[in-house]
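If you want the building blocks of each chain, they are given just below.
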Amino acid sequence: MTTTFDAMALPRDAQDLLFREARTANAFTSEPVTDEQLREVYELVKWGPTSMNSQPLRVLFVRGEDAKARLVPHMAEGNRAKTQSAPVTAILSADTDFHEHFARTFPNYPGAKAAFADDAGRTEAAKLNALLQVGYFIVGVRAAGLAAGPMSGFDQDGVRREFFADTTLLPLVVVNIGHPDHSGTHPRNPRLDYAEAVTVV
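In short, a report on the structure.

Some points on the pairing of strand 2 (residues 88–95)
Counting buried residues along strand 2, 8 of its 8 residues qualify, which places the element largely inside the surrounding structure. By the alternation rule, side chains of strand 2 split into Val 88, Ala 90, Leu 92 and Ala 94 and Thr 89, Ile 91, Ser 93 and Asp 95, which are all buried. One ladder, built from 6 bridges, connects strand 1 (residues 57–62) with strand 2; its direction is antiparallel. Bridging from a neighbouring strand, Val 59 pairs with Leu 92 of strand 2. As paired strands, strand 2 and strand 4 (residues 169–178) are joined by 8 bridges and run antiparallel to one another. In the sheet register, Leu 92 faces strand 4, and the bridge partner there is Val 173.

Structure below.
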């Protein structure tokens, strides 16, 4: 007799909410997303680990017609309509001056800031760790009972000029957020099996 053993500590319905049943949203209902929900998403995902607690992710929430009018022209053609219709869109960026916060965020290593004096190395570290946080952010949106539609199809230089001129922020990913309208949900594509993706040595 074959038995199924669930080795996860998280209840199965919570696993489903975050992963198995969660889908990338391409269309949204008119139900609003509250400021409280957006705050709670960040307050949850900020606990995800980053190298030396660097926390380079910066979030700009874009909502309202005027703000969307500034963003939508910089989106790839296929991403414009869904970005326009999403209740909220998050621009997720990496702050290349993350090291300026080390006195507070990594106080156990007084030399942390000096270790990132090189601009090129610091920029790569910012991107890598911010992308880790992007993953946490997507899961956090799902934990709030919302759907995320992450997109890399946009003009990064254009978005940077429009929203982050004269800053140290590098936009990486744009994420539409809202309650999904499943008429825009595509059939789920296959995932690789454990044996195809995992090696144990």
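From this point on, the discussion continues.
Side note on the side chain of Lys 82
With respect to the helices, strands and loops of the structure, Lys 82 is situated in helix 4 (residues 77–85). No salt bridge forms around the buried Lys 82; measuring N to O, its nearest opposite-charge neighbour Glu 77 is 12 Å away. In terms of polar contacts, Lys 82 uses its side chain to reach the side chain of Asn 26, at 2.9 Å. Discounting residues that sit within four places of it in the chain, Lys 82 has contacts with Asn 26, Phe 28, Met 151 and Asn 176.

About the cut-offs
- Residues numbered from 1 in each chain as written.
- Predicted model: local features only at pLDDT ≥ 70, side-chain atom pairs only at ≥ 80, totals over all residues.
- Heavy atoms only, no water.
- Buried < 20%, exposed > 50% of the residue type's maximum accessible area, 1.4 Å probe, protein only.
- Helix = DSSP H or I, 4+ residues; strand = E, 2+ residues; numbered from the N terminus.
- Pairing = 2+ DSSP bridges.
- Lys, Arg positive; Asp, Glu negative; His and termini not counted.
- Salt bridge = Lys/Arg side-chain N within 4 Å of Asp/Glu carboxyl O.
- Polar contact = N/O pair within 3.5 Å; in protein donor to acceptor, adjacent residues only side chain to side chain.
- Contact = heavy atoms within 4.5 Å.

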